[in-house]
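Here is what each chain is made of, one letter per residue.
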Amino acid sequence: MLRILIVSLVFALGACAAQPVYRSSDDPLPVAEISTTEYLGLWHEAARLPNRFERNCADATAEYALREDGLISVRNTCIREDGSTRVAEGRARRVGEGEEGKLEVSFFGPFWGDYWVLERANDYSWSIVGEPDGKYLWVLTRAENIDAQERAIFAARVRALGYDPDDLIWNP
């Protein structure tokens, strides 16, 4: 029993480790409206801010599906530098009003984190996701790869949101 308590405490303290704030603007972040059914499916990570849970990851994907209990299943997959695959499974719930793209995601027990769809394409071909504190940001696309022109467009969008695109890790 003591061993379980110690392991739980170690995980809880690790979850509290400080993540740098990358956003330089004090303006409130926008939140896009989303249709849950259109947002579901496979997304490829085009870029992200550095974070501890995606260290040494490339070719990351996120897959969302509707669960029987009304929540959204989350399956994040990445290929590590050594070629191995890492998968994290969790759940998400809507917390915004109406179709507002504010969600919370949990990968560990009762702990939930903000997941806000800040911008998205009308056809759901891309989205920019973050959270209100400016610590996390992802550029997600339905396409496996983006070209240089698309990258420049996303960099401009990220800058307009108050982030420095030079801080992003782009998918090779």
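Residues numbered from 1 in each chain as written. Predicted model: local features only at pLDDT ≥ 70, side-chain atom pairs only at ≥ 80, totals over all residues. Heavy atoms only, no water.

*Asks:* Would you mind going over the environment of V117 with me for this structure?
*Replies:* Tracing the backbone shows V117 in strand β6 (residues 111-120). By relative accessible area, which is 0% here, V117 ends up buried. Sequence spacing of V117 and P30 is 87 residues, and the spatial spacing of their C-alpha atoms is 8.4 Å. Contacts of V117, omitting those with residues within four sequence positions, involve P30, V31, A32, I34, Y39, G101, L103, S127 and I128. (Helix = DSSP H or I, 4+ residues; strand = E, 2+ residues; numbered from the N terminus. Buried < 20%, exposed > 50% of the residue type's maximum accessible area, 1.4 Å probe, protein only. Contact = heavy atoms within 4.5 Å.)

*Asks:* What is the right way to look at the environment of P50 in this model?
*Replies:* Positionally, P50 belongs in the loop between β1 (41-48) and β2 (57-66). Measuring from C-alpha to C-alpha, the distance between P50 and A160 comes to 19 Å, with 110 residues separating the pair along the chain. If near-sequence neighbours (up to four positions away) are discounted, P50 is found in contact with Q19, Y22, D167 and I169.

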